[in-house]
Amino acid sequence: MKDEFKFKTTADIKTSKRIIDQVVGQEDAVNLIMKASRQRRHVLLIGEPGTGKSMLGMALAELLPKEKLVDVLAFANPNDENMPLIRSYPAGTGREVISKGRMQAAGGLKFQNIIMFVLLLIAMIAPWWAFDHYSTQYGHTVGAIIFVSMFLGGMFFLVAFMFFMSFGAKMNRMDKGSAPKLVVDNFRKEHAPFLDATGAHAGALLGDVLHDPFQSGGLGTPAHERIVAGMIHKAHMGVLFVDEIATLQPHTQQELLTAVQEGKYSITGQSERSAGAMVRTEAVPCKFILVAAGNAETIKDMHPALRSRIRGYGYEIYMKDTMPDDETNRLKIAQFVAQEVVKDKKIPHFSKEAVLYIVEEARRRANRKGHLTLRFRELGGLIRAAGDIASEEGAKVVEKKHILKAKKTARSLEEQMADKYIERKKEYEVIVTKGTKVGRVNGLAVIGGGSSYSGIILPIEAEITPGGKEHSIIATGKLGEIAKEAVTNVSAIIKRYFGEDIKGKYDIYVQFLQTYEGVEGDSASIAVATSIISALKKIPIKQDIAMTGSLSVRGEVLPIGGVSSKVDAAIDAGLTKVLVPKSNLQDIVIDKDRLSKIKIVPVETIGQVLKEALEWKGNQGILKTILSSNGKQ
């Protein structure tokens, strides 16, 4: 595989500045995004986190032309102050309109200020002139009376004049010639707008009108000055990206649907008790491309009419989470590493050996044989963590040793929790790794989800008591529905191998020891079957063995997920052997050094599991019966 990489470090790999060229492994999605940009189609992206959904939204915005962008201004309505007028201007010219309006308003105020200054001078000088004039003719007493009268009259006149000017300014703002408000500003925008409205509340998404506590008596702020544009308006002629769209309230999704259908949407106050609720503007343009995103659960919780609109006027895309492990795709992983280094700008480039290890990590995280993961967010986190360590050490390039250190220091929460789980359970001897015990087995499970899960040891105990009063196997340990069904199906296996209906003779109890995290799935079903058969026939189980695998009612061991993480947990627990489904053997991607610490035994049937896991000394006859029933030696 080394020969396919012709570079020494990722500095030799050319990276594109176009976002669409940086999307790795999602060729089908990229083609549809390019088509959507040409035809202005809406897009629904469904897939696991970290597979590039937001990146595709930004790429779509980058591909759109910018010449049709506009600035949106709100003007006072002289006929109805609660319905501001909306006007559109070419992008970048809105500020000029605002400046002209402000200059006109400032000119009128300047003229009024000059008049007020002149009147103030007259009001201050006139009383003194009158005092001097009348004192000379009629005496100081008359002059003083005239002075006081003119002074008080002048002050009263000034106060009245100031009130008049204030009222006049208010009336001037309500006039058509008053300064408008720039609601949507696209000044010097290099690309069509991209608005990430993920998690936005209704006001931020749809626009709002601010509350005005002084809404009467001429003291309030004009309605058009209180308007705030929503993201749907700022995204006009661009892209509105909404991740986890099903988390929006149903009525908000309905309003979003209206905006998508009409291409325009009036702004009104979102709070019913606010003065802004009385204001509703003329329709504001919002012809955006909606890029909605989410996971599989989003589909059932999404407003059906909104999804129908996207499906009818756009594309639905299911994001891939893995890609085939071939030469072309391994080179794409190398390209991704180079892109992450260039984007970060704070970490050194990666050596060829380090890139090969990142490819190995992508293979391990795929959890699928012959594939590489496309959940690049977590992989990018490992790249940056390794780069930080290399930077701290003063290394010129990131080597494999830096990645190994990063895996230890930047472990996920699930991995840290698993470490604590194993440590404490071993400390209190909940996990037993030596000797043999009847009815007790070390199963394997995972905690977390996606590529962030981690393996844990799952101790299981079984007890068989005479009676047969219970209608089903009693299982405890916070089990999910699938896990409960897997336990119940074990009775069919026992009946097949031993020819007896245990429900009529015995009561069976199965305990998943201290599983406070909960258990779901059927990957522990071979462990459950082993513990029950051990308890039924009083044959001890080797405690240095762990096992994982799904079990069919015919006794076949079926593949499960997270096998690499589970084997990792067995190694950390100090076990010497692990049984895994044969079909999962190629899914195990672990460092050779770690893998050498444990023996992996592939199994296809429950008979093979029992042969490996139980101590058969003195019970070879039972083993022979099981293997003959199984049809495999």
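The following paragraphs examine the structure supplied in this document. (Residues numbered from 1 in each chain as written. Predicted model: local features only at pLDDT ≥ 70, side-chain atom pairs only at ≥ 80, totals over all residues. Heavy atoms only, no water.)

## Digging into the overall build of the protein chain
Rule in force here: Only DSSP runs of H or I with at least four residues qualify as helices, and only runs of E with at least two residues qualify as strands; both kinds are numbered from the N terminus onward. Only protein chains enter the calculation, and the probe is 1.4 Å; a residue is then buried if its accessible area is under 20% of its type maximum, exposed if over 50%, and partly exposed in between. We call two residues contacting when some pair of their heavy atoms lies within 4.5 Å. Reported accessibility uses the Shrake-Rupley method at a 1.4 Å probe radius. Residues are deemed covered only where the shown protein chains occlude them.
A tally of helices and strands in the protein chain yields 21 helices and 25 strands. Evaluated residue by residue, the protein chain yields a buried proportion of 47% over its 633 residues. In the protein chain, 74% of the contacts between residues at least 6 apart in sequence involve partners at least 24 apart. For the protein chain, the accessible area works out to roughly 31700 Å², and carbon and sulfur atoms hold 54% of it.

## A closer look at the sheet that holds strand β1 (residues 42-46)
Think of a sheet as strands paired side by side through backbone hydrogen bonds, with each pair either parallel or antiparallel. For the record, the criterion: Strands qualify as paired when DSSP identifies two bridges or more between them. Comment: axis = line fitted to C-alpha atoms, over the contacting stretch for helices; angle = value between 0 and 180 degrees taken between N-to-C directions.
One open sheet holds the 5 strands; their spatial order is β5-β8-β11-β1-β12, and the pairing between them is parallel. Strands with a single pairing partner mark the edges of an open sheet, and in this sheet they are β5 (194-196) and β12 (314-318). Going across the sheet, the axis of each strand differs from the next one's by a mean of 15°, ignoring polarity. Most of the contacts of helix α2 (residues 27-39) go to β12, to which it runs at about 165°, and overall it touches β1, β11 (289-294) and β12.

## Re the nonpolar core
Applicable threshold: Only buried residues count toward a nonpolar core, which is a set of Ala, Val, Leu, Ile, Met, Phe, Trp, Tyr and Cys residues joined through side-chain atoms within 4.5 Å.
Within the largest apolar cluster, 42 residues are counted, with the highest numbers of intra-cluster contacts made by I460, V510, I532, M547, I606 and V609. Per element, the largest residue contribution to this core is 8 residues, and it comes from helix α17 (residues 525-537). Membership of the second largest hydrophobic core comes to 31 residues, among which are F7, V337, V355 and I403.

## Observations regarding the packing of α2 against helix α3 (residues 53-63)
How two helices pack is summed up by the angle between their axes together with the distance between the axes. Test applied: Crossing handedness follows the turn of the near helix against the far one: under a right angle anticlockwise gives a left-handed crossing, and clockwise gives a right-handed one. Lys, Arg, Asp and Glu make up the charged group, whereas Ala, Val, Leu, Ile, Met, Phe, Trp, Tyr, Cys and Pro make up the nonpolar group; the residues left over, Gly among them, are polar.
For the pair α2 and α3, the least separation of the axes is 9 Å and the interaxial angle reads 35°. Note on packing geometry: the crossing formed by α2 with α3 is right-handed. Contact residues: A29, V30, I33, M34, A36 and S37 in α2; L56, L60 and L63 in α3. Here the residues of the contact of α2 with α3 sort into 8 nonpolar, 1 polar and no charged.

## Let's talk about the packing of helix α11 (residues 327-344) against helix α12 (residues 352-366)
Rule in force here: Each angle gets one of four labels, with under 35 degrees taken as roughly parallel, over 145 as roughly antiparallel, 65 to 115 as roughly perpendicular, and the rest as oblique.
At a minimum axis separation of 10 Å, α11 and α12 run at an interaxial angle of 115°. It follows that α11 is roughly perpendicular to α12 by the angle criterion. The interaxial crossing formed by α11 with α12 has right-handed handedness. Touching R330, I333, A334 and V337 of α11 are V355, I358, V359, A362 and R363, all from α12.

## Points about the side chain of S534
Keep this limit in mind: Whenever two N or O atoms come within 3.5 Å, that pair is a polar contact, provided that in protein one can donate a hydrogen and the other can accept it, and provided that, for residues adjacent in sequence, both atoms are side-chain atoms.
In this fold, S534 is placed in helix α17. Looking at S534, the relative accessible area reads 0%, which means it is buried. There is a polar contact of 2.4 Å between the side chain of S534 and the backbone oxygen of I539. In this structure, S534 is in contact with K437, V438, G439, I539, P540 and I541, ignoring residues within four places of it in sequence.

## Digging into the packing of aromatic side chains
Rules: Pairing of aromatic side chains here covers Phe, Tyr and the six-membered ring of Trp, requires ring centres within 6.5 Å, and sorts the geometry by plane angle: under 30 degrees stacked, over 60 edge-to-face, intermediate tilted. Either the NZ atom of lysine or the CZ atom of arginine qualifies as a charge over a ring when it sits within 6 Å of the ring centre and within 35 degrees of the ring normal.
Tallying each qualifying case throughout the model produces 3 aromatic pairs. Between F336 and F376, the aromatic rings sit 4.3 Å apart at their centres with planes inclined by 20°, giving stacked as the arrangement. Here the residue F336 occupies a position in helix α11, and F376 occupies one in helix α13 (residues 376-393), the gap between them amounting to 40 residues. Over the ring of Y313 we find R309; its NZ or CZ atom is 4.0 Å from the centre of that ring.

## Section: the pairing of β1
Along β1, 5 of the 5 residues are buried, which leaves the element largely enclosed by surrounding structure. Along β1, one buried face is formed by H42, L44 and I46 and the opposite face, lined by V43 and L45, is buried too. Bridge analysis of β1 against β12 gives 5 bridges, and the strand direction is parallel. When the sheet's bridge partners are listed, I46 is paired in β12 with Y318. With 4 bridges connecting them, β1 and β11 associate as parallel partners. Within β11, the position partnered with L45 by the bridge is A293.

## Brief notes about α13
Our working rule: How far a helix is expected to stretch is found by multiplying one less than its residue total by 1.5 Å.
With 18 residues, α13 should cover 26 Å at 1.5 Å per step; its first-to-last C-alpha distance of 26 Å lies within 8% of that length. Immediately downstream of α13, the backbone of G394 shows phi near 75°, a positive value.

## As for the environment of N442
Within the secondary structure, N442 sits in strand β16 (residues 440-447). Taking the relative accessible area as the measure of exposure, N442 reaches 1% and is therefore buried. The spatial distance from the C-alpha of N442 to the C-alpha of A527 is 7.2 Å, given a sequence separation of 85 residues. Once residues lying within four places of it in the same chain are set aside, the contact partners of N442 are I431, V432, I457, L458, Q543, I545, A546, M547 and L575.

## Brief notes about the pattern of salt bridges
Opposite charge on two side chains lets them pair, provided their charged atoms get close. The test is simple: The working definition used for a salt bridge is a side-chain nitrogen of Lys or Arg within 4 Å of a carboxyl oxygen of Asp or Glu.
By the definition in use, this model includes 25 salt bridges. A salt bridge links E27 to K320; the shortest N-O distance between them is 3.7 Å. Remark: K320 occurs in the loop between β12 and β13 (322-324) and E27 occurs in helix α2; sequence separation between them is 293 residues. Note on E27: relative accessible area 33%, which makes it partly exposed. For the salt bridge of D568 with R594, the shortest nitrogen-to-oxygen distance reads 2.9 Å. Taken together, the positions of D568 in helix α18 (residues 563-572) and R594 in helix α19 (residues 592-595) put the pair 26 residues apart, joining distant regions of the chain. Of the residues examined, D568 reaches a relative accessible area of 17% and is grouped as buried. Connected through salt bridges with shared partners, the residues D325, R330, E360 and R363 form a single ionic network.

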